[in-house]
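One-letter residues, chain by chain:
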Amino acid sequence: MGAALALADRGVGRTAPNPNVGCVLVREGRVVGRGWTQAGGRPHAEAMALAEAGEAARGATAYVTLEPCAHVSPRGPACTDLLIAAGVARIMAAMGDPDPRTDGQGFARARAAGISVTTGVRETEARAMIAGFLTRRARHRPFVTLKLATSLDGKIARPDGESRWITGPDARAHTHLERSRHEAILVGRGTLEADSPRLDVRLPGLESHAPRRVLLSRTPEAGWETIPSPAAIASLAGVDRLMVEGGAQTASAFLAGDLVDRLLLYRAPILIGEGRAALGDIGLTRLAEAHGRWRLADARMLGSDRLEVYERD
Ligand SMILES: NC(=O)c1ccc[n+]([C@@H]2O[C@H](COP(=O)([O-])OP(=O)(O)OC[C@H]3O[C@@H](n4cnc5c(N)ncnc54)[C@H](OP(=O)(O)O)[C@@H]3O)[C@@H](O)[C@H]2O)c1
């Protein structure tokens, strides 16, 4: 299942509207097929692994990070039927699929065909892996990561707006890696005007993984996909993971709307003093409301900068 999760990770931020799934087929202790959901959502992980395994899938165990789909779509057959037809003996799944077209039916149909089914294997990791898909289903909007790059005193720019660069090359490279794991990236008009950001992925081998660029502004902008309010992220079709890169007004508006699921906080060992604060009004009325909202999920050094990742508690 660890190998299947690692394969699923390859699809993070690339498979909407489908979940990024991984599949490993094992027969007599040997891996005979591997698959992961491809960009745009097809082929599915199981179909890819079965195609690789061919006849070797007969009698194999399929490790899948999500219940195999049970619905035939215009884009392809149901993976449950493919697994049955291939003669797979056993399915080890991490979790059930909440999609009502599957939701237990994949497991039920496999069991009815004589396949042994176990589920719940490394479920917590599998859930985190498809946070975008699950957030879209449960909240009807993308999973949102907010990135902030600040000085030690919590500033994101000098008073005149100069903000390049606060963090060093390692932190910036990490931001590019994060971009490649989102279907879209959003900035506010103030950032567009101050920085003309390219918002691409400048990492060797990942250049083609650049996300769609979205602008937050009440006025449409030529050449940009523009949305008029943070809540309008719900209408971004094909985006299950959205990265918000500022600036302060934009970040604050997303936080005030309770639309942030994950915080990437890059902190550089510099002091700016007078300057632009990372955040403005986020709708807090009492200090007590601020507590218990964020849990540290990861912390590490990137060169001389510190990265802290927080998730909603
Ligand atoms: N260090 C960092 O991590 C970082 C990252 C990004 C930017 N920055 C810096 O931050 C500064 C820009 O920040 P900023 O706060 O001035 O600008 P901003 O947040 O980038 O953009 C503000 C604009 O976004 C739109 N907007 C904001 N909230 C909205 C809402 N609730 N509904 C609709 N539209 C909304 C409005 O555009 P309209 O007026 O067109 O409607 C508003 O004028 C720059 O100096 C930039 O260099 C730093």
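Going by what an unreviewed UniProt entry lists, the protein is known as Riboflavin biosynthesis protein RibD and is assigned to Sphingomonas yabuuchiae. According to UniProt, the comment filed for the protein under the heading Function (unreviewed entry) is "Converts 2,5-diamino-6-(ribosylamino)-4(3h)-pyrimidinone 5'-phosphate into 5-amino-6-(ribosylamino)-2,4(1h,3h)-pyrimidinedione 5'-phosphate."

**Observations regarding the overall build of the protein**
Regarding its fold elements, the protein presents nine helices and 15 strands. The C-alpha radius of gyration of the protein comes to 22 Å, within 12% of the 20 Å expected for a compact globule of 313 residues. The principal-axis extent of the C-alpha atoms belonging to the protein is close to 70 × 40 × 35 Å. Looking at the protein as a whole, 49% of its 313 residues are labelled buried. Taking all contacts inside the protein whose residues are at least 6 apart in sequence as the whole, residues at least 24 apart take part in 71%. Of the roughly 14,500 Å² of accessible surface on the protein, 52% is carried by carbon and sulfur atoms. Where the 41 positive side-chain charges of the protein centre and where its 36 negative ones centre are 2 Å apart.

**Some words on the packing of helix 2 (residues 45–53) against helix 3 (residues 79–86)**
Two numbers describe how helix 2 lies on helix 3: the axes approach to 9 Å, and their chain directions differ by 25 degrees. On the basis of the axis angle, helix 2 is roughly parallel to helix 3. Here helix 2 and helix 3 pass one another in a crossing that is left-handed. Along the contact surface, helix 2 presents Glu46, Ala47 and Leu50, while helix 3 presents Cys79, Leu82, Leu83 and Ala86.

**A word on the pattern of salt bridges**
Within the structure shown, the criterion is met by 27 salt bridges. For the salt bridge of Arg137 with Asp99, the shortest nitrogen-to-oxygen distance reads 3.5 Å. Of this pair, Arg137 sits in helix 6 (residues 131–139) while Asp99 sits in the loop between strand 4 (90–93) and helix 4 (105–112), and the two are 38 residues apart along the sequence. For Asp99, a relative accessible area of 5% corresponds to the buried category. Linked through salt bridges whose partners overlap, the residues forming this network are Asp99, Arg101 and Arg137.

**Quick word on the domain arrangement of the protein**
Domain boundaries assigned for the protein yield domain 1 (1–129) and domain 2 (141–312). Measuring from the centre of the C-alpha atoms in domain 1 to the corresponding centre in domain 2 gives 34 Å. Contact residues are listed per partner, giving seven residues for domain 1 and nine residues for domain 2. Summed over both sides, the interface between domain 1 and domain 2 buries roughly 670 Å², with carbon and sulfur atoms accounting for 45% of that surface.

**Observations regarding the sheet that holds strand 4**
Across the sheet, five strands lie side by side as 2-1-3-4-5; this open sheet has mixed pairing. The sheet is open, and its two borders are formed by strand 2 (30–36) and strand 5 (116–118), each paired with just one other strand. Across this sheet, the average inter-strand angle for adjacent strands is 15 degrees, counted without regard to direction. Where strand 1 (residues 22–27) lies against strand 2, six bridges are found, and the strand directions are antiparallel. Looking at strand 2, one finds that Val26 is bridged to Val31.

**Observations concerning a nonpolar patch on the surface**
Residues Leu279, Ile282, Leu284 and Leu287 make up a contiguous nonpolar surface patch of about 340 Å² in total accessible area. By secondary structure assignment, the location of Leu279 is in the loop between strand 13 (276–277) and strand 14 (294–302).

**Notes on the layout of surface pockets**
What the largest pocket holds in volume is close to 1,100 Å³. Among the elements that take part in the lining of the largest pocket, helix 8 (residues 189–195) stands out by supplying five residues, more than any other. Tallied by class, residues from the lining of the largest pocket come to 15 nonpolar, 15 polar and 12 charged. Around the second largest pocket, the lining is made up of 28 residues, and of these Ala128, Ala131, Phe143, Arg262 and Glu311 lie nearest the centre. Considering only residue class, the lining of the second largest pocket consists of 11 nonpolar, one polar and 16 charged.

**Focus: the UniProt feature "binding site: substrate" (unreviewed entry) in the protein**
As annotated in UniProt, the feature "binding site: substrate" (unreviewed entry) corresponds to Ser163, Arg179, Arg202 and Glu245 in the numbering used here. Restricting the annotated residues to those that line the largest pocket leaves Ser163, Arg179, Arg202 and Glu245. As for its placement among the helices and strands, Arg179 is situated in helix 7 (residues 169–179). Not counting residues within four places of it along the chain, the set of residues in contact with Arg179 comprises Ile185, Leu199, Asp200, Val201, His209, Pro211, Met243 and Glu245. You can see Glu245 is positioned in the loop between strand 11 (241–244) and helix 9 (248–256). Residue classification places Glu245 among the buried residues on the basis of a relative accessible area of 12%. A polar side-chain atom of Glu245 sits 2.6 Å from a polar atom in the side chain of Arg179.

Thresholds applied
Residues numbered from 1 in each chain as written. Predicted model: local features only at pLDDT ≥ 70, side-chain atom pairs only at ≥ 80, totals over all residues. Heavy atoms only, no water. UniProt positions renumbered as here; feature names shortened; annotations may be inferred. Helix = DSSP H or I, 4+ residues; strand = E, 2+ residues; numbered from the N terminus. Rg over C-alpha atoms; globule rule 2.2 N^0.38 Å. Buried < 20%, exposed > 50% of the residue type's maximum accessible area, 1.4 Å probe, protein only. Contact = heavy atoms within 4.5 Å. Areas by Shrake-Rupley, 256 points an atom, 1.4 Å probe, with all protein chains shown as cover. Lys, Arg positive; Asp, Glu negative; His and termini not counted. Charge placed at Lys NZ, Arg CZ, Asp CG, Glu CD. Axes fitted to C-alpha atoms, helices over the stretch in contact; angles between N-to-C directions. Parallel < 35°, antiparallel > 145°, perpendicular 65-115°, else oblique. Left-handed = near helix turned anticlockwise from the far one by under 90°. Salt bridge = Lys/Arg side-chain N within 4 Å of Asp/Glu carboxyl O. Domains from an automatic or database assignment. Buried area = accessible area lost by both parts, 1.4 Å probe. Pairing = 2+ DSSP bridges. Patch = residues over 30% accessible without salt bridge, like charges linked within 9 Å, V, L, I, M, F, W, Y side chains within 5 Å. 1 Å grid on protein atoms, 1.4 Å probe; cavity = no way out; pocket = protein on both sides within 12 Å on 5 of 7 lines; lining within 4 Å. Points joined across faces, edges and corners; volume = space filled by probe spheres on them. Nonpolar A, V, L, I, M, F, W, Y, C, P; charged D, E, K, R; others polar. Polar contact = N/O pair within 3.5 Å; in protein donor to acceptor, adjacent residues only side chain to side chain.

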